[in-house]
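Residues per chain are reported as follows:
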Amino acid sequence: MQRIGRKELGNVRIAWPPLPEQQAIAAFLDTQTTRIDALIAEYEKLIALLKEKRQALISHAVTKGLNPDVPMKDSGVEWLGEVPEGWGLRKLAWSFGLIGSGTTPPTDKIETWYSDCGTPWVTTGELRENVILETNKSVTDEALTAITALRKYPPGTLLVAMYGATIFRIGLLGIEATCNQACCALVNPCGIDVKFLFHWIIAFRDTLTTLLASGGGQPNINRETVANLKLFSPPLPEQQAIAAYLDNETAKMDALIQQAKQGIELLKERRTTLISDAVTGKIDVREYI
């Protein structure tokens, strides 16, 4: 931990103007940084509203569908409410040919079991409601041969985090990859659209975590928990239509969120530059005297 003592701080030398000009610079910076901070706060408020609207959009689409006039029925689930009449209850164990996971190769084999150019190896830190196209680490063919719990999963596999703060965080493989033991892999879907399920888990991640996670300071779920999940869903073509709609609409919102974040970064840079220029005399603030 880096630190500085009173002696070192006392020996710092800086160039400063006469007191009236110091006060003028301080007044100028108080005014300008307050304006910038207000703009940053507005951007942050916009981001929060967009995220809230995004979540509401996903939740509504995966539980009510896209037709506002469809007849509804009681789901029998208190936190879910009504669902369209034509939707049926589906268990994930019935919907995938394989529900598996992975493991972590021991670190004492790091030279022979990890590689920069082997099979991509996914950890839960890389599950961020995203399509995974690259990973931080890869494993060798030797590791895949020696460790039976390591297996390659094809593109289109849905990965669900099972441990700690990342529970029910998800990612969709866009490449062939393996994963660690904290990831549940849902492979070979049957009668369910993976992107529909992807959005459904995003909609109910907090609820599922509250209802299903077990443990004290480090709550967990397991593959059986994921396999036993049940959801109301429409026929496959309607699932695909809902998923396509959400992909399109959330992409628009994500672009707006990204623009707002870029606006915040530019304002922060502007704030830093403004302060630096003012306290080093690069800006004339005599009108504030």
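Up top is the structure these notes are about.
Residues numbered from 1 in each chain as written. Predicted model: local features only at pLDDT ≥ 70, side-chain atom pairs only at ≥ 80, totals over all residues. Heavy atoms only, no water.

Chemist: Explanation requested: the overall build of the protein in the structure shown.
Modeler: Looking only at helices and strands, the protein has 8 helices and 13 strands in total. Computed over its C-alpha atoms, the radius of gyration of the protein comes to 26 Å, more than 25% above the 19 Å expected for a compact globule of 289 residues. With the C-alpha coordinates of the protein rotated into their principal frame, the extents come out at 80 × 60 × 35 Å. For the protein, the share of sequence-separated contacts (at least 6 apart) that also reach a separation of at least 24 residues comes to 73%. Accessible area of the protein: about 16900 Å², with a carbon and sulfur share of 52%. A distance of 4 Å separates the average location of the 30 positive side-chain charges in the protein from that of its 33 negative side-chain charges. (Helix = DSSP H or I, 4+ residues; strand = E, 2+ residues; numbered from the N terminus. Rg over C-alpha atoms; globule rule 2.2 N^0.38 Å. Contact = heavy atoms within 4.5 Å. Areas by Shrake-Rupley, 256 points an atom, 1.4 Å probe, with all protein chains shown as cover. Lys, Arg positive; Asp, Glu negative; His and termini not counted. Charge placed at Lys NZ, Arg CZ, Asp CG, Glu CD.)

Chemist: Help me understand unusual backbone geometry, please; the structure alone is not making it clear to me.
Modeler: A negative phi holds for most residues other than glycine; trans holds for most peptide bonds. The phi angle at Phe 168 is positive, at roughly 65°, despite the residue not being glycine. Structurally, Phe 168 is set in the loop between strand E9 (158-161) and strand E10 (170-173). By relative accessible area, Phe 168 is classed as buried at 1%. (Buried < 20%, exposed > 50% of the residue type's maximum accessible area, 1.4 Å probe, protein only.)

Chemist: Teacher, can you tell me more about the side chain of Thr 250 here?
Modeler: Secondary-structure assignment places Thr 250 in helix H8 (residues 236-279). Residue Thr 250 is classed as buried on the basis of its relative accessible area, which comes to 5%. In terms of polar contacts, Thr 250 uses its side chain to reach the backbone carbonyl oxygen of Leu 246, at 2.5 Å. If sequence neighbours within four positions are ignored, Thr 250 has contacts with Arg 54, Ile 58 and His 199. (Polar contact = N/O pair within 3.5 Å; in protein donor to acceptor, adjacent residues only side chain to side chain.)

Chemist: Is there a simple way to think about H8 in this case?
Modeler: Every α-helical turn comprises 3.6 residues, leaving residues that sit three or four positions apart pointing alike. Between its first and last C-alpha atoms H8 spans 63 Å; for 44 residues at 1.5 Å apiece the expected length is 64 Å, and the two agree. A positive phi of about 80° marks Gly 281, the residue just after H8. (Expected span 1.5 Å × (residues − 1).)

Chemist: I keep staring at the sheet that holds strand E6 (residues 119-122) and nothing clicks. Help me out?
Modeler: Spatially, the 4 strands line up as an open sheet ordered E5-E8-E6-E11, and their pairing is mixed. For this open sheet the edge positions go to strand E5 (114-115) and strand E11 (178-179), each flanked by a neighbour on one side alone. Across 2 bridges, the pairing between E5 and strand E8 (residues 137-139) is antiparallel. Bridge assignment links Tyr 114 to a residue of E8, and that residue is Val 139. (Pairing = 2+ DSSP bridges.)

Chemist: Is there a simple way to explain helix H6 (residues 194-212) in this structure?
Modeler: The terminal C-alpha atoms of H6, which comprises 19 residues, lie only 21 Å apart, well short of the 27 Å expected from a rise of 1.5 Å per residue. Measuring from the backbone nitrogen of Lys 195 back to the side-chain oxygen at the start of H6 gives 3.2 Å, which picks out Asp 193 as the cap.

Chemist: Sorry, what's going on with a nonpolar patch on the surface here?
Modeler: A cluster of nonpolar residues, Ile 4, Leu 9, Val 12, Ile 14 and Trp 16, forms a patch on the protein surface that exposes about 600 Å² of accessible area. Relative to the helices and strands, Val 12 is located in the loop between helix H1 (6-10) and helix H2 (19-64). (Patch = residues over 30% accessible without salt bridge, like charges linked within 9 Å, V, L, I, M, F, W, Y side chains within 5 Å. Salt bridge = Lys/Arg side-chain N within 4 Å of Asp/Glu carboxyl O.)

Chemist: So what exactly am I meant to see when it comes to the sheet that holds E10 here?
Modeler: Pairing between the strands of a sheet is mediated by backbone hydrogen bonds and can be parallel or antiparallel. Ordered by their spatial adjacency, 5 strands build an open sheet running E4-E12-E9-E10-E7, and the pairing between neighbours is mixed. Two strands lie at the open edges of the sheet, namely strand E4 (96-100) and strand E7 (130-132), each paired on one side alone. Geometrically, the sheet is characterised by an average inter-axis angle of 25° between neighbouring strands, direction not taken into account. With 4 bridges joining them, E4 and strand E12 (residues 183-189) adopt antiparallel strand pairing. Considered in E12, the bridge of Ile 99 is made with Leu 186. Against the sheet, H6 makes contact with E4, E7, E9, E10 and E12, and its axis sits at roughly 165° relative to E10, the strand it touches most. (Axes fitted to C-alpha atoms, helices over the stretch in contact; angles between N-to-C directions.)

Chemist: Can you help me understand the nonpolar core in this one?
Modeler: Side chains of a nonpolar character, in soluble globular proteins, are inclined to be buried together. Formed by 39 residues in total, the largest nonpolar core has its most connected members in Val 62, Leu 92, Leu 158, Val 160, Leu 186 and Leu 197. Sort the elements by how many residues they give to this core and H6 lands first, with 10 residues. In this view, Leu 92 contacts Ile 99, Leu 186, Ile 192, Leu 197, Val 226, Ala 227, Leu 229 and Leu 231; residues no more than four positions away in its chain are not counted. Judged by nonpolar contacts, the second largest core, of 15 residues, contains Ala 24, Ile 40, Ile 264 and Leu 267. (Core = buried A, V, L, I, M, F, W, Y, C linked by side-chain atoms within 4.5 Å.)

Chemist: What should I look at first to understand the packing of aromatic side chains in this one?
Modeler: To describe a pair of aromatic rings, you give the distance between the ring centres and the angle between the ring planes. Applying the stated criterion to the full structure yields 4 aromatic pairs. An angle of 80° between the planes, with centres 6.0 Å apart, marks the rings of Tyr 114 and Trp 121 as edge-to-face. With relative accessibility at 5%, the residue Trp 121 sits in the buried group. Between the NZ or CZ atom of Lys 137 and the centre of the ring of Tyr 114, over which it lies, the distance is 5.3 Å. (Phe/Tyr/Trp six-rings, centres within 6.5 Å; stacked < 30°, edge-to-face > 60°. Lys NZ or Arg CZ within 6 Å of the ring centre and 35° of its normal.)

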